[in-house]
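Each chain, letter by letter, is given below.
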Amino acid sequence: MSATAARDIAPAPISAHERPSPLTRSRVRAAWAFVAPTLFVLALIAGWPLARTIWFSLTDANLNNLSDYAFIGFENYLVHDNGEWLGLLVDPEWWRSVWNTVWFTLVSVSIETVLGIVVALMLNAAFPGRGIMRAIILIPWAIPTVVSAKMWNWMLHDQFGVINDMLLRLGLIASPIIWTANPDTALWAVVMVDVWKATPFMALLILAALQMLPQDIYEAARVDGIHPVRVFFRVTLPLIRPALLVAVIFRALDALRVFDLIYVLTANSRDTMSMSAYARQQLVDFQEVGFGSAASTLIFLIIALLVVITIVVGRVRLSEDAQ
Amino acid sequence: MKLLSRIGFWLLVLVIALFALFPFYYAVLSSLRSGSELFSVAYWPERLDGSNYIAVFQRQPFGQNILNSILVAGTVVALSLALSVLAAYAFGRIAFRGRSILLMTILGVSMFPQVAVLSGMFEMIRSFGLYNTLPGLILANMMLTLPFTVWVLTTFMRELPKEIEEAALVDGATPAIIVRRVFLPLMAPAAVTTGLLAFVVSWNEFLFALTFTLTNERRTVPPAIALMTGSSAYELPWGTIMAASVIVTLPIIALVLVFQRRIVAGLTAGAVKG
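Residues numbered from 1 in each chain as written. Chains lettered and ligands numbered in written order. Predicted model: local features only at pLDDT ≥ 70, side-chain atom pairs only at ≥ 80, totals over all residues. Heavy atoms only, no water.

> Any chance you could explain unusual backbone geometry here in plain terms?
It is generally the case that most residues other than glycine have a negative phi and that most peptide bonds are trans. Phi at A:Asn82 takes a positive value of approximately 50°, unusual for a residue other than glycine. For A:Asn82, a relative accessible area of 77% corresponds to the exposed category. Its identity is not glycine, yet B:Asn132 carries a phi of approximately 60°, on the positive side. The residue B:Asn132 is located in the loop between helix H5 (118-127) and helix H6 (134-159) in this model. (Buried < 20%, exposed > 50% of the residue type's maximum accessible area, 1.4 Å probe, protein only. Helix = DSSP H or I, 4+ residues; strand = E, 2+ residues; numbered from the N terminus.)

Spelled out as structure tokens, the structure:
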């Protein structure tokens, strides 16, 4: 969703004759008046809670009584106590959730990128029914995540699920697979559902990039009799690479935040727990606001780092464009 | 060769369409079967049984859940649009110092992991006395929609030609009048798209809704469906869950199909422009 924000980081060119005339000054005053409500609301619902979360991560706060807590420094993160290390950074469950999330992100985004390119190329071809196809691939995107997780949960049901039934009928498996409860297949099941749901988004972003490519290159390649596969790798792919990169980064940021899909599909089991699910479990189920906030803060830092990289990449692109 | 590649292409189209549509088709199919019928797999409808659609409203306050979702998403969209039309005018049309840094900050907020604000938000919602209330959810969901609506509307606002407001400026119109008389009518299509996308975000939101509500009567649709159980431990609730899923998905699919072009434009706005 947030891919919309991706570009246009540099301010739009505004009238060249900029002198601080009375008119300009009154317009600047109006600008501040217009952005003030938005800034106030964002500070209230994003800035303040984030600051409080970071602060809580340095305390022993408990959900039962949020007003009674003590400052304990970095003990939630790491502390040496009675000859052993304790804290988030040495909790194997936390690292397991980090690994789950990273694995899920790498695998699902890679598959979505490849499939997204395939679907985008298909939609970029002129064929009867193209509009209908575009509408069809939007449907998985429109279905709420919780609902799609439930739908797939039912399809992947170990005894009565249609997926096992299909595979059995086709003779691909000998006995039903326990998809979502078995740690070996559960994350793959999550990836499958995510691919189903997020590929349309990827495909639409790539399609938009494809449609802006100049057609005369393709005309020339066709006249020269160059094989379409060669044209794709030599011409199309390099040209859409920047847009592809933006789409991949947005999907990856989204995937790193994953919560609802895994929570619903695999019943929040520890084998498949994501970083967000880990933090929420500490915060809400175990009531450990301090410890859970430490996990939240780390997730925030990881994603913030990636956002900074994104913006730097965005800047680099802009300066390339300017040349 | 040519024929072969044509066949291959149509096969690909068919496979993609099947993959995209089958889960929803199967949900509709399952929702129309009940009791022991669900213990066997069917690929075609045999006997249409609407009892799941009645049961889902009788066994739990699902009507209330839907109403909650509509109230939350509707209010979130209205507030986000009202705030962001003003902000987008300032960001898109007026040069002022600190503009890019503010825009970057807002972009950053749109990438916040929700869980990063969870404990702070929990504390705030509780201290406002909004725990387990709809206003609490509205407040929380604004964090997800507002940065995004500001960004998209700013992008749209920038694309409008400069001449549009020059005449009004010459006539001495104030910024407030310019926004209301000149930009508001022009922004209507963009606002519809952005509002629709924000509506979908709020309609689908799960983490806040799960954490900041307690009773079934106050839940929105996603946690209601996620926490749905059968009438006994031995009953498979899948029929009713699928019925609930179909009920809440159909309106969204209808909206998406009607506004298809606009949604694609909204999703890709700014994302690919060089």
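The discussion continues.
> Is there a simple way to think about the packing of aromatic side chains in this case?
In this description, a pair of aromatic rings is defined by centroid distance and the angle of the planes. Residues and elements named next belong to chain A. Per the stated rule, a full pass over the model turns up 29 aromatic pairs over all chains. Consider the rings of Trp-55 and Phe-71, whose centres lie 5.6 Å apart with planes at 20°: the pair is stacked. Highlighted residues: Trp-55 in helix H1 (residues 22-56) and Phe-71 in the loop between H1 and strand S1 (79-81), separated in sequence by 16 residues. What makes Trp-55 partly exposed here is its relative accessible area of 33%. Each residue in the set Trp-55, Phe-56, Tyr-69 and Phe-71 is aromatic and connected to the rest through ring pairs, giving one cluster. (Phe/Tyr/Trp six-rings, centres within 6.5 Å; stacked < 30°, edge-to-face > 60°.)

> Would you mind showing me how to read the packing of helix H7 (residues 163-170) of chain B against helix H8 (residues 175-204) of chain B here?
How two helices sit against one another is set out by the angle between their axes and by the gap between those axes. Residue and element names in this part refer to chain B. Contact geometry of H7 with H8 gives a least axis separation of 10 Å together with a crossing angle of 160°. Judged by the inter-axis angle, H7 sits roughly antiparallel to H8. Once H7 is placed against H8, the crossing between them reads as right-handed. Facing H7, whose interface residues are Ile-164, Glu-165, Ala-168 and Leu-169, H8 presents Ile-178, Val-182, Phe-183 and Leu-186. (Axes fitted to C-alpha atoms, helices over the stretch in contact; angles between N-to-C directions. Parallel < 35°, antiparallel > 145°, perpendicular 65-115°, else oblique. Left-handed = near helix turned anticlockwise from the far one by under 90°. Contact = heavy atoms within 4.5 Å.)

> Help me understand the interface of chain B and chain A, please; the structure alone is not making it clear to me.
The extent of an interface is frequently quoted as the accessible surface area lost upon association of the parts. Facing 106 residues of chain B, the contacting portion of chain A comprises 105 residues. Taken over both partners, the interface formed by chain B and chain A buries close to 9800 Å², and the fraction arising from carbon and sulfur atoms is 78%. A per-residue breakdown of the area chain B buries against chain A is headed by B:Met111, B:Trp238 and B:Leu267, which together make up 7% of the total. Counting across the interface, chain B meets chain A through two salt bridges. Between A:Arg27 and B:Glu165 there is a salt bridge whose closest N-O contact spans 3.4 Å. Between the two partners, chain B and chain A, sit 18 residue pairs in polar contact (both at pLDDT 80 or more). With 15 residues, the top contributor of residues to the side of chain B that touches chain A is helix H1 (residues 2-31) of chain B. Taken together, the residues that form the side of chain B that touches chain A break down as 81 nonpolar, 16 polar and nine charged. (Buried area = accessible area lost by both parts, 1.4 Å probe. Salt bridge = Lys/Arg side-chain N within 4 Å of Asp/Glu carboxyl O. Polar contact = N/O pair within 3.5 Å; in protein donor to acceptor, adjacent residues only side chain to side chain. Nonpolar A, V, L, I, M, F, W, Y, C, P; charged D, E, K, R; others polar.)

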